[in-house]
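One-letter residues, chain by chain:
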Amino acid sequence: MQVTLTVNGRRASIDVAPNTLLVQALREHLRLTGTHVGCDTAQCGACTVLMNGDAVKSCNLLAAQAEGAEITTIEGLAAADGTLHPMQAAFKECHGLQCGFCTPGMVMAVASLLKEHPNPSEAEVREGLEGNLCRCTGYHNIVQAVLAAAHSGELVP
Amino acid sequence: MSATVLEEHGAAGVVGTRMLRREDPALLSGEARFVHDLVVPGALHMAVVRSPYAHARVMSVDVSAALGMPGVVAALTGADLAGEWASPMPCAWPVTADMQSPKHLPLALDEVCYVGDAVAVVLARSGAEAQDAAAAVAVDYEELPAAVDLEEAARDDVLAHLDAPSNRAYTWELVPDPEAVRRSAGQRPREQEAQAGAEAALRPDARAQVGHRDGRVRHIGWAVLQQLQRGPRCGPVHTCRHLHPGLPGQAGGPDRRLPEAAEADQGEQEGSPHGQVIHDTRGTLHG
């Protein structure tokens, strides 16, 4: 079946099997491999992307459900000249990553979180990240990165 | 890289200072390449059928429906491969000389002992075809009581393995004040030790292997232990070469060889001229 969606500002029309997941469409059809598959069961959040501005786990959506949607992946977050998004920069500054496998999902999840809570408390950040697992950092520096980015004044709502 | 850092900052400028990592921009922008991101031309893809039960007898495994599905090259059960394994999967860390380690084959024969224990694999031309066919494998289980609590397991009322007389693998003598030892020598109390034993990478099966005409195998993924333990199944260690792209969850990894690796060795035998990629971590993600 034909699915048309806009990914990182570019319109894409792809021919997929009806049971193709959104994450498969992004990774295998559009070769945007920054979105990761960690668990296949919606537990780990590594596949988180933005669909029409809201965080979704792309391993739990069919590509067909994204028909006509605006999708933003980790590849679409930095500026065109490569300048990191303030959230990406905060993760780097605060050592919010080690192996980096969960990182794209983390960054996309908190991008959505800050839209709803522009000035979150530490507790709100921790609760907002309950759907994303990290096996390296122990979460502390991720939370610090989110708070730093939120309070930097550089995030455009 | 260290030499460069030293050249830039001098030894005195590095020690005791905060260093920002150079690999972060690629990891943060989606440009980093992990094993799952590699495209291996002609690769077979393998999906694993796993137990949904913590403990059960495997009454039957029927792969006939899977074999007829599009793109499927092979569908294998534990019984199919029982005569193929040189030995059960070894443990890389025999903690004590008398440690008891129940026989653990890459594909279960008649008993599954944890959620995620593998019972069959399907090899297909694409990952989606392998996963679709794996869903068509019919497994009949008879659920058994499971030992899920350390204290309860230690009483041996419920045995975790039907062929093991006790749930105790080994005994370490407790010192009088474990807390003092932990503070002084960095040892961990028992609960933490058990937790450490359950370490799991976010995507533990990240692995691809590529065969060459000279018989050598380029193995991309978890390295040292997997490599050392590979020998009994697929030949001498020197026939393999390991490559290291990004690997998920390197900060904490398993010290047992993962079943997926041994099953993948089988994929290599199944006639894929180029290699294979493994799919499906269901049941291997621990919380």
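The structure contained in this document is the topic of the report that follows. (Residues numbered from 1 in each chain as written. Chains lettered and ligands numbered in written order. Predicted model: local features only at pLDDT ≥ 70, side-chain atom pairs only at ≥ 80, totals over all residues. Heavy atoms only, no water.)

1. What to know about helix H1 (residues 22-29) of chain A
Owing to its 3.6 residues per turn, the α-helix brings residues three or four apart onto one side.
Turning to step 1, where the next piece is worked out: Counting buried positions over the eight residues of H1 of chain A gives six, a clear majority of the element.
Turning to step 2, where the next piece is worked out: If you follow the buried residues of H1 of chain A, they end up packed against strand E1 (2-7), strand E2 (10-15), strand E3 (48-51) and strand E5 (70-72) of chain A together with helix H6 (127-134) of chain B.
Turning to step 3, where the next piece is worked out: Just downstream of H1 of chain A lies arginine 31 of chain A, where phi reads positive at about 55°. (Buried < 20%, exposed > 50% of the residue type's maximum accessible area, 1.4 Å probe, protein only. Helix = DSSP H or I, 4+ residues; strand = E, 2+ residues; numbered from the N terminus. Contact = heavy atoms within 4.5 Å.)

2. Overview of H6 of chain B
Turning to step 1, where the next piece is worked out: The set of residues buried in H6 of chain B consists of Gly127, Ala130, Ala133 and Ala134 of chain B. Projected down its long axis, H6 of chain B shows its buried positions confined to an angular sector of 135°, all on one face. (Arc of directions from axis to C-beta.)

3. A look at the sheet that holds strand E4 (residues 111-112) of chain B
Residue and element names in this part refer to chain B.
Turning to step 1, where the next piece is worked out: As summarised here, the arrangement of the three strands in space is E4-E2-E6, forming an open sheet in which the pairing is antiparallel. Looking along the sheet, the strands with just one partner apiece sit at the ends: E4 and strand E6 (138-143).
Turning to step 2, where the next piece is worked out: Of the pairings in the sheet, the one linking strand E2 (residues 56-62) to E6 comprises six bridges and is antiparallel in character. The residue bridging valine 61 from the neighbouring strand is valine 139, located in E6. (Pairing = 2+ DSSP bridges.)

4. Some points on the nonpolar core
Taken as a class, soluble globular proteins show a tendency for nonpolar side chains to be buried jointly.
Turning to step 1, where the next piece is worked out: Within the largest apolar cluster, 36 residues are counted, with the highest numbers of intra-cluster contacts made by Met87, Phe91, Met106, Val107, Leu129 and Val146 of chain A.
Turning to step 2, where the next piece is worked out: Contributions of two or more residues to this core are made by helix H2 (86-93), helix H3 (103-116) and helix H5 (140-150) of chain A together with helix H3 (24-29) of chain B.
Turning to step 3, where the next piece is worked out: Broken down by element, the residue count for this core peaks at seven residues, all from H5 of chain A.
Turning to step 4, where the next piece is worked out: Every residue in contact with methionine 106 of chain A, bar those within four places of it in the chain, is listed here: Phe91, Leu129, Asn132, Leu133, Cys134, Tyr139 and Ile142 of chain A. (Core = buried A, V, L, I, M, F, W, Y, C linked by side-chain atoms within 4.5 Å.)

5. Focus on a nonpolar patch on the surface
Residues and elements named next belong to chain B.
Turning to step 1, where the next piece is worked out: On the surface, a cluster of nonpolar side chains totalling about 320 Å² of accessible area is made up of Trp93, Tyr170 and Trp172.
Turning to step 2, where the next piece is worked out: Here tryptophan 172 lies in the loop between helix H7 (150-154) and helix H8 (178-185).
Turning to step 3, where the next piece is worked out: On the accessibility criterion, tryptophan 172 (44% relative accessible area) is partly exposed. (Patch = residues over 30% accessible without salt bridge, like charges linked within 9 Å, V, L, I, M, F, W, Y side chains within 5 Å. Areas by Shrake-Rupley, 256 points an atom, 1.4 Å probe, with all protein chains shown as cover. Salt bridge = Lys/Arg side-chain N within 4 Å of Asp/Glu carboxyl O.)

6. Section: unusual backbone geometry
Residues and elements named next belong to chain A.
Turning to step 1, where the next piece is worked out: The residue arginine 31 is not glycine, and still its phi comes out positive at about 55°.
Turning to step 2, where the next piece is worked out: Among the structural elements, arginine 31 can be located in the loop between H1 and E3.
Turning to step 3, where the next piece is worked out: At alanine 42, a position not held by glycine, the phi torsion is positive, near 65°.
Turning to step 4, where the next piece is worked out: Turning to its location among the elements, alanine 42 is positioned in the loop between H1 and E3.

7. Here's the deal with the pattern of salt bridges
Turning to step 1, where the next piece is worked out: All told, the structure shown has eight salt bridges over all chains when counted by the stated rule.
Turning to step 2, where the next piece is worked out: Of the charged contacts, one joins lysine 115 of chain A and aspartate 54 of chain A as a salt bridge, the two residues approaching to 3.4 Å between their closest N and O atoms. Of this pair, lysine 115 of chain A sits in helix H3 while aspartate 54 of chain A sits in strand E4 (residues 54-57); the two residues are 61 residues apart in sequence, bridging distant segments of the chain.
Turning to step 3, where the next piece is worked out: Take aspartate 54 of chain A: its relative accessible area is 38%, and that puts it in the partly exposed class.
Turning to step 4, where the next piece is worked out: Here arginine 21 of chain B and glutamate 23 of chain B are joined by a salt bridge, their closest N and O atoms 3.5 Å apart.

8. Some thoughts on the side chain of serine 112 of chain A
Residue and element names in this part refer to chain A.
Turning to step 1, where the next piece is worked out: Looking at the element boundaries, serine 112 is found in helix H3.
Turning to step 2, where the next piece is worked out: The class of serine 112 is buried, set by a relative accessible area of 5%.
Turning to step 3, where the next piece is worked out: A polar contact of 3.2 Å, which involves the side chain of serine 112, links it to the backbone nitrogen of alanine 55. (Polar contact = N/O pair within 3.5 Å; in protein donor to acceptor, adjacent residues only side chain to side chain.)

That is the geometry; function is a separate question.
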